[in-house]
Amino acid sequence: MRLFCAGIGAAHPDIVNASRRMKRSEFDACVRNGASEILEVQVGIDGVAFAEAKNGPKMALTPGEIYLALAAAPKGKPNTARTWRDVNATLPPIPIQVYGPPSTSGTRDALAELIMARGCIETDPAAKTLEADDADAFKARCQRVREDGAYVDAGENDNLIVQKLTANPNAIGVFGYSYLEENAGSVDGVPIAGVAPSEASIADGKYPGARPLYIYVKKAHLKAVPGLSRFILQYTKLWGANGPLARRGLIAAPTTIQIQAADVVRTEKTLDGAALK
């Protein structure tokens, strides 16, 4: 996103994929660098899936438990939890070890915003007021991931996380749902708030880790770059529930969203930055 927003012209990307919505700060950077006209197209849905090895401890967690296990400062205090039982007496006494994406990843952002922030509000009475009054303090308290070894930055290679889970059955991995689906023979999804990650639970929004997938396109490049307009138009023909993208792991968005996104492509309607956070 940083490279995308650095400017317009041949030296800068025409299009960027995103597993979360563009941030207002990123849009403002685009505007400063002359890339103010941007198309935001939701191409489907994905989920931030929690998984364990087939021979793992059969975990089932809540957003609150994940927050208390992974936050750097749950309820404003340094995290001292070492085992899952430290978080909840009903959980097994095994070390908290979660393999996940780095801080530069959209999946990591989704983990913080969809799961940890929700868990913070559920377990910390002060969090809701803090969210309204001081966004930076809320992020520090509710979304900052601990860095003492309980959460292991496993890089951007989600297949490597799957390998680590099979080597360490007590660990939990965090990655996009498609990797869980692709590796169903070696890992199982961990239910969150009583809902297991599946295509159906992500599509209908019941799974807490469901998230939209976007492409962002510079309007100034649509006519300047041969084939770019036809490329994004092709998405509108392929992203349906029975289309080829779904067969490759994409979860189709609801029909209303597909219609809205196709209209953005057809009319080249640009993003209103005021709608972003």
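Residues numbered from 1 in each chain as written. Predicted model: local features only at pLDDT ≥ 70, side-chain atom pairs only at ≥ 80, totals over all residues. Heavy atoms only, no water.

A. Looking closely at the nonpolar core. Residues F50, L61, L70, W84, I96, V98 and L165 are the most contacted members of the largest nonpolar core, which totals 50 residues. Of the residues forming this core, the biggest block, six residues, is contributed by helix 4 (residues 106-123). Setting aside its immediate chain neighbours within four residues, I96 contacts A69, L70, A81, R82, T83, W84, V87, R146 and A150. (Core = buried A, V, L, I, M, F, W, Y, C linked by side-chain atoms within 4.5 Å. Buried < 20%, exposed > 50% of the residue type's maximum accessible area, 1.4 Å probe, protein only. Helix = DSSP H or I, 4+ residues; strand = E, 2+ residues; numbered from the N terminus. Contact = heavy atoms within 4.5 Å.)

B. Quick peek at the packing of aromatic side chains. Throughout the structure, instances matching the rule amount to two aromatic pairs. Plain terms: the ring middles of Y214 and Y216 are 5.7 Å apart, the flat faces sit at 35° to each other, and that makes the pair tilted. When its relative accessible area of 0% is taken as the criterion, Y216 is described as buried. Ring geometry for F231 versus Y235: centroids 5.8 Å apart, planes at 85°, classification edge-to-face. Taken together, the residues F231 and Y235, both in helix 11 (residues 228-238) and four residues apart, mark about one turn of the helix. The exposure class assigned to F231 is partly exposed, which follows from its relative accessible area of 45%. For the cation-ring pair, K218 lies above F4, with the distance from its terminal atom to the ring centre recorded as 4.6 Å. (Phe/Tyr/Trp six-rings, centres within 6.5 Å; stacked < 30°, edge-to-face > 60°. Lys NZ or Arg CZ within 6 Å of the ring centre and 35° of its normal.)

C. Quick peek at the side chain of K218. Relative to the elements of secondary structure, K218 occurs in strand 7 (residues 210-218). The side chain of K218 sits in the buried core without any salt bridge; D14 is the nearest counter-charge, 6.6 Å away. A distance of 2.6 Å separates a polar atom in the side chain of K218 from the backbone oxygen of F4. What K218 contacts, discounting residues up to four positions off in sequence, is F4, G7, I8, H12, P13, D14, A35 and E37. (Lys, Arg positive; Asp, Glu negative; His and termini not counted. Salt bridge = Lys/Arg side-chain N within 4 Å of Asp/Glu carboxyl O. Polar contact = N/O pair within 3.5 Å; in protein donor to acceptor, adjacent residues only side chain to side chain.)

D. Here's a closer look at the packing of helix 2 (residues 63-70) against helix 4. Packing of helix 2 against helix 4 leaves a shortest axis separation of 7 Å and a crossing angle of 100°. Here helix 4 runs roughly perpendicular to helix 2, going by the angle between their axes. Note on element contacts: helix 4 touches helix 2 through I115, M116, R118, G119, C120, E122 and T123, opposite P63, G64, I66, Y67, L68 and L70. Looking at the contact of helix 2 with helix 4, its residues break down into eight nonpolar, three polar and two charged. (Axes fitted to C-alpha atoms, helices over the stretch in contact; angles between N-to-C directions. Parallel < 35°, antiparallel > 145°, perpendicular 65-115°, else oblique. Nonpolar A, V, L, I, M, F, W, Y, C, P; charged D, E, K, R; others polar.)

E. Broad picture of the state of the cysteines. The final tally for this structure, using the stated rule, is two disulfides. Residue pairing for C5: its cysteine sulfur links by disulfide to C30, the two sulfurs lying 2.0 Å apart. Disulfide C5-C30: torsion about the S-S bond near -70°, hence left-handed. In this pair, C5 sits in the segment before strand 1 (15-18) while C30 sits in helix 1 (residues 24-32), placing the two residues 25 residues apart along the sequence. C5 sits in the buried class, given a relative accessible area of 3%. (Disulfide = S-S within 2.5 Å.)

F. Geometry of the environment of M59. Tracing the chain through its elements places M59 in the loop between strand 2 (38-53) and helix 2. The contact partners of M59, leaving out residues within four places of it in the chain, are E52, W84, P92, I172, V190 and P191.

G. Inspection of the side chain of R146 at higher detail. Note on placement: R146 falls in the loop between helix 6 (135-142) and strand 4 (151-153). The class for R146 is buried, based on a relative accessible area of 3%. Within the structure, the side chain of R146 is placed 2.8 Å from the side chain of D148, a separation counted as a polar contact. Leaving out residues up to four positions away in the same chain, R146 has contacts with A69, L70, A71, A72, N79, A81, R82, I96 and Y151.

H. Local environment of the pairing of strand 1. Of the two faces of strand 1, only one is covered, namely that formed by V16 and A18; the face formed by I15 and N17 stays uncovered. Relative to strand 7, strand 1 runs antiparallel, the two sharing four bridges. Residue pairing in the sheet places V16 in a bridge with Y216 of strand 7. (Pairing = 2+ DSSP bridges.)

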